[in-house]
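Residue-level listing of the chains:
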Amino acid sequence: MMINSENTPLIHRSDYQPLAYRITEIALDVHLDPENTEVSARLHFLRQNPEPVKEIHLDGEGLELLEIRRDGQLLSENSYVVNGAGLTLLNPEADFVLETRVRIHPAANSALSGLYHAGGQFLTQCEAEGFRRITYYQDRPDCLAKFTVTLHGPKDTCPVLLANGNCVAQGEDAQGFHWARWEDPYPKPAYLFAMVGGDLAAMRDTFTTQSGRQVALEIYVAERDLGACSQAMESLKRAMRWDEEVYGREYDLDRYMIVATDSFNMGAMENKGLNIFNSKYVLASPETATDTDYQGIESVIAHEYFHNWTGNRVTLRDWFQLSLKEGLTVFRDQEFSADMNSRGVQRIGDVRRLRAAQFPEDAGPLAHPVRPDAYSEINNFYTATVYEKGAELVRMLHTLLGKEGFRRGTDLYFERHDGHAVTIEDFVEALEDANHTDLSRFRTWYAQAGTPLVKAQGVYDPKAHTYTLTLSQSTPATPGQAHKEPVPIPVRMALINTQGEKTALDSRGDREKVLVLEEATQTWTFTEQPDPVIPSLLRGFSAPVRLENPLDDQSRSFLACVDDDPFNRWESTQELALQALLAGTQNPGTVQHFPDALERALAATLQDGAMDPAFRAELLSLPSEDYVGEQMAVIAVDAIHQARDALLSQIGHHFHDTWLNLYHDLAGAYARDGLSIGRRRLRNMALSYLVYSDRHREDDMTLHARQQYVQADNMTDRLAAFQLLVQHPLHDAEDILMDFYQKWQDYPLVIDKWFAIQAMAPRADALRHVQHLLVHSAFDWKVPNRVRAVLGAFTVNHTVFHAADGSGYAFFAEQIRRLDDINPQTAARLATPLSRWQRYDEVRQKAMIQALQLLAAKPHLSRDLAEVIQRAYPSGA
Ligand code: TRP
Ligand code: ZN
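Every chain's residues receive numbers from 1 upward, in the order its sequence appears when written. Each chain takes a letter, starting from A, and each ligand takes a number, starting from 1, following the order in which they are written. Predicted model: local features are reported for residues with pLDDT of at least 70 only, side-chain atom pairs are reported and counted for 80 or more only, and whole-chain, interface and lining totals are derived from all residues. The side-chain figures draw on all heavy atoms in the structure; neither hydrogens nor water molecules are used.

Named according to an unreviewed UniProt entry, the chain is Aminopeptidase N originating from Acidithiobacillus montserratensis.

## Side note on the sheet that holds strand 30 (residues 533-537)
Where we set the bar: When DSSP finds at least two bridges between two strands, those strands are taken to pair. In DSSP terms, a helix is any run of H or I states spanning at least four residues, a strand is any run of E spanning at least two, and both are numbered starting from the N terminus. Only the stretch in contact is used when fitting a helix axis, every axis being a line fitted to C-alpha atoms; angles between N-to-C directions are given from 0 to 180 degrees. Should any heavy atoms of two residues lie within 4.5 Å, those residues are counted as being in contact.
Read across the sheet, three strands follow the order 28-27-30 without closing on themselves; strand pairing throughout is antiparallel. The open sheet has two edge strands, strand 28 (513-517) and strand 30, and neither has a second partner. The average angle at which neighbouring strand axes cross in this sheet is 35°, direction not considered. In this sheet, strand 28 lies alongside strand 27 (residues 489-497) in antiparallel orientation, the contact comprising five bridges. Opposite Pro-490, over in strand 28, you have Val-516 as the bridge partner. Each of strand 27 and strand 28 is contacted by helix 5 (residues 384-417), which is oriented at about 65° to strand 27, the strand it contacts most.

## Considerations on the nonpolar core
Rule in force here: Residues belong to a common nonpolar core when they are buried Ala, Val, Leu, Ile, Met, Phe, Trp, Tyr or Cys residues joined through side-chain atoms within 4.5 Å. Think of it in three bands: residues with accessible area under 20% of the maximum for their type are buried, residues over 50% are exposed, and the middle band is partly exposed, with areas taken using a 1.4 Å probe on protein chains only.
One finds Phe-131, Tyr-137 and Leu-471 to be the most contacted residues of the largest nonpolar core, which totals 167 residues. Per element, the largest residue contribution to this core is 12 residues, and it comes from helix 5. Sequence-distant contacts of Leu-471, defined by excluding residues within four places in its chain, comprise Val-454, Lys-455, Ala-456, Val-491, Leu-515, Leu-517, Ala-520, Thr-521, Gln-522, Trp-524 and Leu-537. Membership of the second largest hydrophobic core comes to 104 residues, among which are Leu-666, Met-701, Ile-751 and Leu-773.

## Section: the environment of Ala-174
With respect to the element layout, Ala-174 can be found in the loop between strand 14 (166-172) and strand 15 (177-188). Note on Ala-174: relative accessible area 52%, which makes it exposed. Along the sequence, Ala-174 and Pro-154 sit 20 residues apart, while their C-alpha atoms lie 9.8 Å from each other.

## Focus on the coordination of the zinc ion (ligand 2)
Applicable threshold: For Na, K and Ca the donor cut-off is 3.2 Å; for every other metal, N, O and S atoms count as donors within 2.8 Å. Water does not enter the count, which can leave sites looking incomplete. Under this scheme a four-donor centre is tetrahedral when all angles range from 85 to 135 degrees, a four-donor centre is square planar and a six-donor centre octahedral when opposite donors are above 155 degrees with the rest from 65 to 115, and any other centre is irregular.
Around the zinc ion (ligand 2), the protein contributes the donor atoms His-303 (NE2), His-307 (NE2), Glu-326 (OE) and Glu-326 (OE), at 1.9 to 2.8 Å from the metal centre. Each of the six donor atoms around the zinc ion (ligand 2) contributes to a set of angles spanning 47 to 160°, which defines the coordination as irregular. Along the chain, the residues donating to the zinc ion (ligand 2) fall in the pattern H-x3-H-x18-E. Residue His-307 is located in the loop between helix 2 (291-306) and strand 22 (315-316), and its partner Glu-326 is located in helix 3 (residues 322-340); the two are separated by 19 residues in the primary sequence. Each of the two residues, His-307 as well as Glu-326, counts as buried.

## Regarding the site of ligand 1
Quick note on the threshold: Near, as used in this document, describes a residue that has one of its heavy atoms within 4 Å of the molecule or strand being considered. Polar contacts, as counted here, are pairs of nitrogen or oxygen atoms within 3.5 Å of one another; within protein the pair requires one atom able to donate a hydrogen and one able to accept it, and residues that are adjacent in sequence qualify only if both atoms are side-chain atoms. In short, Shrake-Rupley with a 1.4 Å probe defines the accessible areas, and a residue's cover is counted only from the protein chains shown.
Close contacts around ligand 1 come from 14 residues, with Glu-127, Glu-270, Glu-304, Glu-326 and Tyr-387 the closest. Contacts to ligand 1 include Glu-326, whose side-chain N or O atom sits 3.1 Å from a nitrogen atom. The side chain of Tyr-387 places a nitrogen or oxygen atom 2.5 Å from an oxygen atom of ligand 1. Protein chains bury 97% of the 360 Å² of accessible surface belonging to ligand 1 in isolation. Elements that contribute at least two residues to the shell around ligand 1 include exactly strand 20 (268-269), helix 2 and helix 3.

## Looking at the pattern of salt bridges
Just so we agree on the cut-off: Any Lys or Arg side-chain nitrogen located within 4 Å of an Asp or Glu carboxyl oxygen qualifies as a salt bridge.
A full pass over the atoms with the stated rule returns 65 salt bridges. Note that Arg-140 is salt-bridged to Asp-142, the shortest N-O span being 2.7 Å. Across the salt bridge formed by Asp-506 and Lys-513, the nearest N and O atoms sit 3.0 Å from each other. Judged by relative accessible area, which is 23%, Asp-506 ranks as partly exposed. Because the salt bridges share partners, they merge into one network encompassing Arg-492, Lys-502, Glu-512, Arg-539, Asp-563 and Asp-564.

## Remarks on the packing of aromatic side chains
Our working definition: Note on aromatic pairs: the rings of Phe, Tyr and Trp (six-membered ring only in Trp) are paired at centre separations within 6.5 Å, and the planes decide the class, stacked below 30 degrees, edge-to-face beyond 60, tilted for the rest. Only when the NZ of Lys or the CZ of Arg is both within 6 Å of the ring centre and within 35 degrees of the ring normal is a charge said to sit over the ring.
Applying the stated criterion to the full structure yields 42 aromatic pairs. For the ring pair Tyr-375 and Phe-381, a centre distance of 6.1 Å and an interplane angle of 50° mean the geometry is tilted. As far as burial versus exposure is concerned, Tyr-375 and Phe-381 are alike and both buried. With centroids separated by 5.2 Å and ring planes inclined at 80°, the aromatic side chains of Phe-801 and Phe-812 adopt a geometry described as edge-to-face. Pair noted here: Phe-801 is in helix 22 (residues 798-801) and Phe-812 is in helix 23 (residues 807-820), with a separation of 11 residues, a long-range link. Overall, the relative accessible area of 0% leaves Phe-801 in the buried class. Through pairs of rings, three or more aromatic residues link up here, namely Trp-242, Tyr-247, Tyr-251, Tyr-256, Tyr-305, Phe-306 and Phe-336. A cation over a ring is seen here: Arg-672 above Tyr-294, with NZ or CZ 3.5 Å from the ring centre.

Now the structure itself:
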């Protein structure tokens, strides 16, 4: 593959050098204008060592330098050098003040990094390296400075001017312009800087901290969306209380602001005191947002709030430490959601996400350790490995140290490192020191990529009354890491007897234990087991590993009915369904075999009306096509799709009357409590199975879906019906598509769903349909949510994206080429499914490589996309 290696120079973790100069203070003066914004900066430099240095490098990208002064004097041309990467000051003094004035162009900034103008607002996104697109600076997370910002803007289009911290002064400029000055008392890295200008309304509330301080809470949105902020506001208050109760952490400023925008590269950003959010994670009303959307808001609001301590007060030394804040903060938001909702259902969802995104990443060419060793473009490392696997590592530490031990560790971590830029090593050391324990072997988890495989072997001795369990581990090689060490794997376990009870595992009578598998192979013997037992292993998914536990279908079916660990109960059913689906892929086209063991497990769940309906719905859902594919040597795209469809219709048909009763019984008035949400989820699942059952019957269950679509008073029910109708391979849903669009055309988040559901429809003419979506008047290449709704959704429409003739890949590569000129971050992220080419048959492999080559040959390839292609297909062409 012909990628110029100048595009992908590597930055290595081992090359870290401390700053020669600190910047103690920065004062910015910004004149907002969509076309030409002027930014004046005053930086106080302070040398860290007595020895003089030859030069200081300041990062800067796309800046037009208008003026530069040192200690008030205009700088002569021979005392600095400017190029595409920034500005180098030659022979600097021990301390000095640097003043620069630059011009930038927010309206032309479609990359949405730095200062941009979108939807009539000025917004910033500085993580990871966006601040250098605003002014010349040492744009690295270990450079902590006190920020003051004065924003100037037109009163009519920018009545609201916001930045981090406290508003300390405001006033009028000449005709129609005004200004506001903001001061952030907490020194911070530039990636946490933010400013906003626009015509925004605020929903306001207050929160009283545990020490009795009042904090003003403000959520800024367009005036018409004021009524859709209450889920965000309530979630924020719950998160603030939870962090006080569980971690002893209180908010530290007098004001906490959140701004919502439709134009955003990711979910949200934790800028100090001024979070900026994708509106998807702020706005919700029952008519426009699904229960899943509400849940997403709760967790992302909490996530960004929790960063105030894990990320902001204690920040990163360098970007290789990214998981120090992201892994820890994801763990914190997962635990928050588990405490607010159902713990078991939360854990199942977390593991689903881990397996869907992180396991494949860890098994492919983009695999990297939670703490990477090298990168070309840091934006490519905001990955499932850094976030989700990082959270699993923190969860294992929590399991190993226990709740109290973990809290002692985080207390010490905050106490030691508040106000500092630190490393993952500092975190692990704080946990060790607070607990007088040694975590040396655990560190391997941070350094080693790849998902360990754990094999279990159990033997019951009816004479000796013992159960002997042997566990062994191995981790497959990953790019650049051929040899793997064993890691300490906490395996939470129980033994379950024929009555379905957990037996005593030791003389203390404990019925659950955490075994720590540290070596390649270890054996444990449990004595005084008078009856045969079945092992329930990796309860709660206590480690991010693949487990091979050779149980027969009987035992699995038994565990699916009796295991009191919700995760493992779910896992047993999933495993039965997975085996049925894998068997189905062997004989595509023949009638699906519906195994008894699976039938029994599903029947038990269907009959158990006392069970939490949300958990019941989890137990009744089949593994995704992705998950099935992951378990195969070669992913058989079409066979998997057919097998899954066939099993869905079998289950629908077999339990038809039960589904129909459930569908009717679960109807109820709309409410937002957990029980109502679970009931909706289960009811919509019943509807889905009913529609699938049509293939075996004379009925037309799409009539129920049509009726539900028309009569629904909330988006959860309406969208569930809409999706069934639009994605039905035979049903004509043109009228429904039109109706939906007409009703919701003024609601961008709802129209995103309209696009995505069509792009995911596995219909015969799907590719042509997606081509039409791209030229629809509501499609917009500059809005990442909209682009993801079509192109992101397209990549999970497996039979179409992976069409054997390569048409899906070729189409997709064309679109990514186009997007790369507009928004490289989003283009690179969307392109990653092409990296999985090794997992498909030869014909598809060829076509995927061809698509990668088409991308590699693009003129002006971004560093973001270049790195993804380079790593996806390193062997060259
Ligand atoms: N730090 C943010 C979070 O996880 C995410 C983030 C990183 C981000 N880079 C970004 C958001 C770029 C938007 C754009 O909470
Ligand atoms: Zn985060």
